[in-house]
Amino acid sequence: MIAALSASQIEAFGRELDALRERVLADLGERDAAYIRRIVKLQRSLEIAGRGLLQFGFLPPAWLGGVAALATSKILDNMEIGHNVMHGQYDWMQDPALNSKNFDWDTACPGDQWRHSHNVMHHTYTNVLGVDRDVGYGLLRMDEKQPWRPQYLANPLMAFGLAALFQYGVALHDVEFDRVIAGKRSWRDAKPVLQGVWKKVRRQWLKDYALFPLLAGPFAGFTLAGNASANLIRNFWSFTIIFCGHFPADVQTFDKSELANETRGHWYLRQLLGSANIEGGKLFHVMSGNLSFQIEHHLFPDLPGHRYAEIASEVREICGRYGLPYNTGSLARQFGSVLRRIAELALPPRSAMLPVAA
């Protein structure tokens, strides 16, 4: 990972990124506060509109409009608001409603569990095999260094299932079912985590699949189907953005041994090499929670996401001066690369398929 740069160059690279981060932090103010409050207001308005329209879901235009509004609301709640707020990007505002330790979102994963599995485990150990559970979510083979097993023949099918149920895949991170099944973790340790997930899921199901459908009276089925469709759209979209930021071609994974004596500069370098950006317009970036700037997000997870577009060109210029790659491409290119990776890694390594010499 570090062969191309000397130790002094890596630390100089880190200092430049530290300086960039400090400059943005010093500039945070009313513009950023106004931005996140506008997004929250928009998300709430879309949810009200979506749920209202779905009460008249027996009318096709109302049903389609309701699904679109509610799905957009859920995407904004999860990606541009929940994800970013729980990273502490707006803690400086001292607004209890936008405090990272108090905030929770409309998804299956409890906020406190996500703050551990994502903020601590993923962002500290980005793409480190055996530590970062985002690499395959305990289900998929996403790197050739992961030992192949026959179950990975179902990689594409499992990926589709994970995409459709993505909020539950995220929620079950800390349960670590694969380690429980392998006998590396006891059910006693996993049970409290699973209970927390079930409490959150039950509340969401009651809201989306009981309360609001019942309010629609004889047209409950239309509302229920609309709510399920909105959740499905949100899940597929989140999966697509997350996987495009972590697993397209040329994104690297790392061994635990590379963490030994890791400096700030080394950490920045690992974040860069383990990330990829997705190109698009302003609306696309908002709908991705600005995770389309996954490189900048991994480098600076505590900076407000809407600032990433402003600093991306500078980050790219710094990388260029040090001869480092800056992985970026269109949504079609990055997602196509992800799909190829999922399909190719479903198969056993070519060496394992070669006939043994007599």
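Residues numbered from 1 in each chain as written. Predicted model: local features only at pLDDT ≥ 70, side-chain atom pairs only at ≥ 80, totals over all residues. Heavy atoms only, no water.

Asks: Explain the overall build of the protein residue by residue, including any values.
Replies: Looking only at helices and strands, one finds 15 helices and two strands in the protein. Taking 21 Å as the expected radius of gyration for a compact globule of 358 residues, we find that the protein reaches 21 Å, a close match to that expectation. In the protein, which comprises 358 residues, the share counted as buried stands at 52%. Here the protein displays about 16,700 Å² of accessible surface, and carbon together with sulfur accounts for 63% of that area. Placing the 38 positive and 35 negative side-chain charges of the protein at their respective mean positions leaves the two points 5 Å apart. (Helix = DSSP H or I, 4+ residues; strand = E, 2+ residues; numbered from the N terminus. Rg over C-alpha atoms; globule rule 2.2 N^0.38 Å. Buried < 20%, exposed > 50% of the residue type's maximum accessible area, 1.4 Å probe, protein only. Areas by Shrake-Rupley, 256 points an atom, 1.4 Å probe, with all protein chains shown as cover. Lys, Arg positive; Asp, Glu negative; His and termini not counted. Charge placed at Lys NZ, Arg CZ, Asp CG, Glu CD.)

Asks: Which residues make up the layout of surface pockets, and what are the values?
Replies: Left-over empty space is what a probe sized like a water molecule reveals as it rolls over the atoms. Of the pockets and cavities examined, the largest pocket occupies roughly 1,200 Å³. As for the largest pocket, its lining consists of 35 residues, of which Arg133, Gly138, Leu139, Asp178 and Arg179 are closest to the centre. Elements with a contribution of two residues or more to the lining of the largest pocket: α4 (111-124), α5 (155-164), α6 (166-171) and α7 (177-181). Here the element with the most residues in the lining of the largest pocket is α7; it accounts for four residues. Quantified by volume, the second largest pocket comes out at close to 430 Å³. As for the second largest pocket, its lining consists of 16 residues, and the residues nearest its centre are Arg141, Glu144, Arg341, Glu344 and Leu345. (1 Å grid on protein atoms, 1.4 Å probe; cavity = no way out; pocket = protein on both sides within 12 Å on 5 of 7 lines; lining within 4 Å. Points joined across faces, edges and corners; volume = space filled by probe spheres on them.)

Asks: With reference to specific residues and values, describe helix α8 (residues 187-215).
Replies: With 29 residues, α8 should reach 42 Å at 1.5 Å per residue; the first-to-last C-alpha distance of 39 Å fits that figure. Largest kink in α8: about 35°, centred on Lys207. Each element contacted by the buried residues of α8 is listed here: α2 (30-54), α3 (60-85), α4, α6, α7 and α9 (220-246). Looking at the residues trailing α8, positive phi occurs at Gly217, about 60°. (Expected span 1.5 Å × (residues − 1). Bend = angle between axes of the 7 residues up to and from the residue. Contact = heavy atoms within 4.5 Å.)

Asks: Residue-level account of helix α1 (residues 7-27), with values.
Replies: Each α-helix turn comprises 3.6 residues. Residues three or four places apart therefore point the same way. Given a rise of 1.5 Å per residue, 21 residues ought to cover 30 Å, and the 31 Å separating the end C-alpha atoms of α1 matches this to within 8%. Taken residue by residue, α1 has Ile10, Ala12, Phe13, Gly14, Leu17, Leu20, Arg21 and Val24 as its buried positions. The secondary structure elements touched by the buried residues of α1 are α10 (264-273), α12 (294-299) and α13 (308-321).

Asks: Outline the packing of aromatic side chains, supporting the account with residue identities and numerical values.
Replies: In total, this model carries 14 aromatic pairs according to the counting rule given. Each ring, one from Tyr137 and one from Phe243, has its centre 5.9 Å from the other, and the planes form 15°; the classification is stacked. With Tyr137 in the loop between α4 and α5 and Phe243 in helix α9, the pair connects residues that are 106 residues apart, well separated along the chain. This pair shows no difference in class: Tyr137 is buried, exactly as Phe243 is. Measuring from centroid to centroid gives 5.7 Å for Trp198 and Trp205, while their planes differ by 80°, and the two rings are edge-to-face. (Phe/Tyr/Trp six-rings, centres within 6.5 Å; stacked < 30°, edge-to-face > 60°.)

Asks: Run through the confidence of the model for the protein, naming residues and quoting values.
Replies: For the protein, per-residue confidence averages 92 on the pLDDT scale, and 97% of positions sit at 70 or higher. Within the model, pLDDT remains below 50 along residues 354-358, and this stretch shows zero contacts once partners closer than five positions in the same chain are excluded. (pLDDT = per-residue confidence, 0-100.)

Asks: Before we move on, can you summarise the nonpolar core with the specific residues and values?
Replies: The biggest cluster of nonpolar side chains holds 46 residues, and the ones touching the most others in it are Phe166 and Phe243. Of all elements in the fold, only α2, α3, α5, α6, α8, α9, α11 (282-287) and α14 (331-344) reach the threshold of two or more residues within this core. Other than its neighbours up to four places away in sequence, Phe166 contacts Tyr137, Asn235, Ser238, Phe239, Ile242 and Phe243. (Core = buried A, V, L, I, M, F, W, Y, C linked by side-chain atoms within 4.5 Å.)

Asks: Quick rundown of the environment of Pro304? Include the residues and the values.
Replies: Topologically, Pro304 is positioned in the loop between α12 and α13. Separated by 268 residues in the primary sequence, Pro304 and Ile36 have C-alpha atoms spaced 9.0 Å apart.

Asks: If you had to explain the side chain of Asp106 to someone new, which residues and values would you point to?
Replies: Its place among the elements puts Asp106 in the loop between α3 and α4. For Asp106, a relative accessible area of 15% corresponds to the buried category. Polar contacts involving the side chain of Asp106 include one to the side chain of Lys74, which spans 2.7 Å. When sequence neighbours within four positions are dropped, the list of residues in contact with Asp106 reads Lys74, Asp77, Asn78, Gln204, Lys207 and Arg234. (Polar contact = N/O pair within 3.5 Å; in protein donor to acceptor, adjacent residues only side chain to side chain.)

Asks: I'd love a proper account of the side chain of Thr328, names of residues and values included.
Replies: Its place among the elements puts Thr328 in strand β2 (residues 328-330). Excluding anything up to four places from it in sequence, Thr328 contacts Asn277, Glu279, Arg316, Arg333 and Gln334.

Asks: Give me the packing of α9 against α14: which residues, what numbers.
Replies: Each pair of packed helices gets described by two things: the angle between the helix axes and the distance between those axes. One can describe the packing of α9 onto α14 by two numbers: an axis separation of 9 Å at closest approach and a directional angle of 80°. In this view, α9 runs roughly perpendicular relative to α14, as classed from their interaxial angle. Where α9 abuts α14, its residues Phe239, Thr240, Phe243 and Cys244 lie against Leu331, Gln334, Phe335 and Val338. For the contact of α9 with α14, a count of residues per class yields six nonpolar, two polar and no charged. (Axes fitted to C-alpha atoms, helices over the stretch in contact; angles between N-to-C directions. Parallel < 35°, antiparallel > 145°, perpendicular 65-115°, else oblique. Nonpolar A, V, L, I, M, F, W, Y, C, P; charged D, E, K, R; others polar.)

Asks: I'd like a rundown of the environment of Arg149, residues and numbers included.
Replies: Residue placement: Arg149 occurs in the loop between α4 and α5. Given a relative accessible area of 41%, Arg149 falls into the partly exposed group. Residues Arg149 and Val251 lie 102 residues apart in sequence; the distance between their C-alpha atoms is 23 Å.

Asks: So what's going on with the packing of α3 against α9? Which residues, and what values?
Replies: Relative to each other, α3 and α9 sit at 40°, their axes nearing to 8 Å. Accordingly, the angle class assigned to the pair α3 and α9 is oblique. You can see that α3 and α9 cross each other, and the crossing is right-handed. Here α3 contributes Trp63, Val67, Leu70, Ala71, Lys74, Ile75, Asn78 and Met79 to the contact with α9, which in turn contributes Phe222, Ala225, Gly226, Asn227, Ser229, Ala230, Asn231, Ile233, Arg234, Trp237, Ser238 and Ile241. A breakdown of the residues in the contact of α3 with α9 according to their chemical character gives twelve nonpolar, six polar and two charged. (Left-handed = near helix turned anticlockwise from the far one by under 90°.)

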